[in-house]
Amino acid sequence: MINYRKAIVSDVAVLAKIRSIFIAEATGCSESEREKLETANKAYFEVALADDSFVAWLALDGEKIIATSGLSFSVVPPTGDCISGRVAYIMNMFTYPEYRKQGIGTELFKRIADEAKSRGYNKITLSATDMGRPLYEKYGFKDVTDNMVFYAE
């Protein structure tokens, strides 16, 4: 039986490890890059879980964490499509391969979407992998192509 619970600060190391595995799977980064990501994410989760600017739901098979979700919260200047300026960003949706296609990701998604709504965040954004895209489209997410990114060096 799969159980679900919110992540707590003592989950930081496993959250960071799973996120680095997810990023490596999605991007094909090297082992050394994955290790750097794990360290950086551990530092992020330590702060963000403690100050409640990030929340994660976990799926467990017994004591083993088998899937994660994540939601970060921010406030930006209000816009026409988000008058409150409150924007939640979904990240960290990952299920270990042997547990995929069993509805676990869907359950985690529902829990973080409910969390965003209960906190008054009506605009929710994410970056989808090809594998996750069907789930998000099922819940009404639309592809937006007018975004741009700049990386300062």
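What counts, and at which threshold
- Residues numbered from 1 in each chain as written.
- Predicted model: local features only at pLDDT ≥ 70, side-chain atom pairs only at ≥ 80, totals over all residues.
- Heavy atoms only, no water.
- Helix = DSSP H or I, 4+ residues; strand = E, 2+ residues; numbered from the N terminus.
- Rg over C-alpha atoms; globule rule 2.2 N^0.38 Å.
- Areas by Shrake-Rupley, 256 points an atom, 1.4 Å probe, with all protein chains shown as cover.
- Core = buried A, V, L, I, M, F, W, Y, C linked by side-chain atoms within 4.5 Å.
- Buried < 20%, exposed > 50% of the residue type's maximum accessible area, 1.4 Å probe, protein only.
- Contact = heavy atoms within 4.5 Å.
- Expected span 1.5 Å × (residues − 1).
- Salt bridge = Lys/Arg side-chain N within 4 Å of Asp/Glu carboxyl O.

1. Considering the overall build of the chain
Inference 1: Within the chain, the secondary structure is distributed over 4 helices and 6 strands.
Inference 2: Ordering the α and β elements of the chain from the N terminus gives β-α-α-β-β-β-β-α-β-α.
Inference 3: For 153 residues, the compact-globule formula gives about 15 Å, and the C-alpha radius of gyration of the chain, at 16 Å, lands near that figure.
Inference 4: Structurally, the chain occupies a C-alpha span of about 45 × 40 × 30 Å along its principal axes.
Inference 5: When the accessible surface of the chain is totalled, it reaches about 9300 Å², and 55% of it is carbon and sulfur.

2. Structural notes on the nonpolar core
Inference 1: Leu71 and Ile90 are the most contacted members of the largest nonpolar core, which totals 40 residues.
Inference 2: Residues in contact with Leu71, not counting those within four places in the same chain, are Ser53, Phe54, Val55, Ala88, Tyr89, Ile90, Ile112, Glu115 and Ala116.

3. Re the environment of Gly70
Inference 1: Among the secondary structure elements, Gly70 is positioned in strand β4 (residues 64-75).
Inference 2: Between the C-alpha atoms of Gly70 and Phe94, which are 24 residues apart in sequence, the distance is 9.4 Å.
Inference 3: Residue contacts for Gly70: discarding those within four places in its chain leaves Phe54, Val55, Ala56, Tyr89, Ile90, Met91, Asn92 and Ile112.

4. As for helix α1 (residues 12-27)
Inference 1: Between its terminal C-alpha atoms α1 stretches 22 Å, which fits the 22 Å expected from 16 residues at 1.5 Å a residue.
Inference 2: Residues of α1 that are buried in the fold lie against α2 (31-51), β3 (57-61), β4 and β5 (86-95).
Inference 3: Of the residues trailing α1, Gly28 is marked for its positive phi of about 75 degrees.

5. Points about the pattern of salt bridges
Inference 1: All chains considered together, the criterion is met by 11 salt bridges.
Inference 2: Note that Asp11 and Arg5 form a salt bridge whose closest N and O atoms lie 2.7 Å from each other.
Inference 3: For Arg5, a relative accessible area of 30% gives the class partly exposed.
Inference 4: The partner of Arg34 in a salt bridge is Glu31, and the shortest N-O contact between them spans 3.0 Å. Of this pair, Arg34 and Glu31 both sit in helix α2, 3 residues apart, which is roughly one turn of the helix.
Inference 5: Owing to a relative accessible area of 15%, Arg34 belongs among the buried residues under this scheme.
Inference 6: One network of salt bridges, with partners in common, ties together Lys6, Asp52, Glu115 and Arg119.

6. So, the environment of Lys64
Inference 1: Following the sequence through the fold, Lys64 ends up in strand β4.
Inference 2: Residues Lys64 and Ala24 lie 40 residues apart in sequence; the distance between their C-alpha atoms is 21 Å.
Inference 3: Dropping the residues within four chain positions of it, Lys64 is found in contact with Ala59, Glu98 and Tyr99.

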